[in-house]
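# Geometric and topological summary
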Amino acid sequence: MRDKIIEFLKENLIESRFTHTMGVCGESMRLAEHYGVDINRAELAALMHDCLKNKTDQELISIAQELGVKLDEIQLSNGKLLHAPVGAAFAKEYFNIEDSEIIDAVVYHTTGKADMTLLEKIIYLADYIEPNRQEFDGLSTLRDLAYTDIDKAVLSALETSAEYVESKGSILHPDTIAALNWLKDKEKEKERGYYMTTQEALKVSIKALDDKKAKDIQAIKLADITSVADYFVICTATSSTHAKTLADEIEDTLEGDTDRIFHKEGYRDTAWILLDYGDIVFHIFYGESRDFYNLEHLWADGEKVDVSKFLA
Ligand SMILES: [Fe+2]
Ligand SMILES: [Fe+2]
């Protein structure tokens, strides 16, 4: 696969773009190794990230049409954005890449997006800091930051890009705005001592509950109606042992959040274990207690969250 892609790149990229791609490859693999990401996946994504970069806008638009890639107004008005989504769709088809995270790392390597995975962050950054990149103000700081705080590094690179796009009078892509907001929120949470944002904690803990076979997981957003918590997460366990397993799983999952306020009730012998993380409160019931307390009814004014989106 690797050889097939390199052969394609040699035929389809100008020399400087090929050199850049190889630089991104090396940098991605170093970052992947540093952050414990599979280096082969990082290499594949890096190899493909600019595979169609030397096509004209018109060529990219016709490839997009052939492959059924939907392009938005901003992508169509700014040719620089086209090669990422079109290149990704082309790579998927032409090189038979099934791994959607690799493909997404190519799709979002110019704009970024909210909730980027580690692999997506690595490709985004490696593209920015690879050794052949022309010097710009702050490049060496960014290179250091990439290996010490990847979120801060991606945020800094996104801010530099946003300034550049705006200085050219172009419109910032909504995915970039979403990425900026997401990372700024993350930094704020970190300053407050939170390791994960509420949304992230909600997502990983609901996923963890589902993995441990919690029944009937419900989440209610309460942020707008009470200061008790931002979210209640309610689920049912099949036995008291299962309830404890679920509680332990949540604790393990959120363990990194050392400063998240934490308070636990009912672990020993009640049919209701409550884990209070300040912003999210988990209620694990077993036996008939869930129907008895009927929290969903009590908090019916809250907004029901579609938990299936966290389980995909
Ligand atoms: Fe690119
Ligand atoms: Fe690139």
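It should be noted that the structure appears before, not after, this text.
The structure displayed is predicted, hence computed values, not measured ones. (Residues numbered from 1 in each chain as written. Chains lettered and ligands numbered in written order. Predicted model: local features only at pLDDT ≥ 70, side-chain atom pairs only at ≥ 80, totals over all residues. Heavy atoms only, no water.)

### Structural notes on helix α10 (residues 150-167)
The end-to-end C-alpha distance of α10, which contains 18 residues, comes to 26 Å, matching closely the 26 Å that a straight helix rising 1.5 Å per residue would cover. Buried residues of α10: I150, D151, A153, V154, L155, A157, L158, S161, A162 and V165, and no others. Where the residues of α10 are buried, they touch α2 (15-35), α8 (118-129), α9 (139-148) and α11 (174-191). At the C-terminal side of α10, G169 shows a positive phi close to 75°. (Helix = DSSP H or I, 4+ residues; strand = E, 2+ residues; numbered from the N terminus. Expected span 1.5 Å × (residues − 1). Buried < 20%, exposed > 50% of the residue type's maximum accessible area, 1.4 Å probe, protein only. Contact = heavy atoms within 4.5 Å.)

### Let's talk about the sheet that holds strand β4 (residues 272-276)
Ordered by their spatial adjacency, six strands build an open sheet running β3-β4-β5-β2-β1-β6, and the pairing between neighbours is mixed. Of all the strands in the sheet, the pair left with one neighbour each is β3 (263-265) and β6 (303-305). Going across the sheet, the axis of each strand differs from the next one's by a mean of 20°, ignoring polarity. In this structure, β4 lies alongside strand β5 (residues 280-286), joined through five bridges in antiparallel fashion. Each bridged residue has a counterpart across the sheet, and for L275 the counterpart in β5 is F282. Along the sheet, helix α12 (residues 198-211) contacts β1 (215-221), β2 (231-237) and β5; its crossing angle with β2, the most-contacted strand, is approximately 5°. (Pairing = 2+ DSSP bridges. Axes fitted to C-alpha atoms, helices over the stretch in contact; angles between N-to-C directions.)

### Here we look at unusual backbone geometry
Despite not being glycine, N96 has its phi angle at roughly 60°, a positive value. Residue position: N96 is located in the loop between α6 (83-94) and α7 (100-107). The phi angle at N294 is positive, at roughly 40°, despite the residue not being glycine. Tracing the chain through its elements places N294 in the loop between α14 (289-293) and α15 (295-298). Classification of N294 by relative accessible area gives partly exposed; the value is 33%.

### As for the coordination of the iron ion (ligand 1)
Protein ligation of the iron ion (ligand 1) involves D50 (OD), H83 (NE2) and H109 (NE2), the donor distances falling in the range 2.1 to 2.2 Å. We note that the donor set of the iron ion (ligand 1) lies within a single chain, spaced as D-x32-H-x25-H. For the pair the iron ion (ligand 1) and the iron ion (ligand 2), the metal-to-metal distance amounts to 3.4 Å, and D50 bridges them. Placement of the pair is H83 in helix α6 and H109 in the loop between α7 and α8, with a sequence separation of 26 residues. For the pair formed by H83 and H109, the shared burial category is buried. (Donors = N, O, S within 2.8 Å, 3.2 Å for Na, K, Ca; no water.)

### Side note on the coordination of the iron ion (ligand 2)
At the metal site, the iron ion (ligand 2) is ligated by H20 (NE2), H49 (NE2), D50 (OD) and D127 (OD), and these contacts range over 2.2 Å. Coordination at the iron ion (ligand 2) is irregular, judged from the four donor atoms that bind it and the angles of 82 to 176° they form at the metal. Each donor residue of the iron ion (ligand 2) belongs to the same chain, and together they define the spacing H-x28-H-D-x76-D. (Tetrahedral: all angles 85-135°; square planar, octahedral: opposite > 155°, others 65-115°.)

### Quick look at the pairing of β1
Here five bridges tie β1 to β2, and the two strands are oriented antiparallel to one another. Its bridge partner being in β2, Q218 is matched across the sheet by I234. Note: β1 against β6, three bridges, orientation antiparallel. In the sheet register, K221 faces β6, and the bridge partner there is E303.

### Some words on the pairing of β5
The side chains of a regular strand alternate, residue by residue, between the two faces of the sheet. Among the seven residues in β5, seven count as buried, and that is most of the element. With burial as the criterion, each face of β5 is covered, one bearing I280, F282, I284 and Y286 and the other bearing V281, H283 and F285. What sits between β4 and β5 in their antiparallel hairpin is a turn of three residues, with G278 showing a positive phi close to 85°.

Just distances and angles here, no functional claims.
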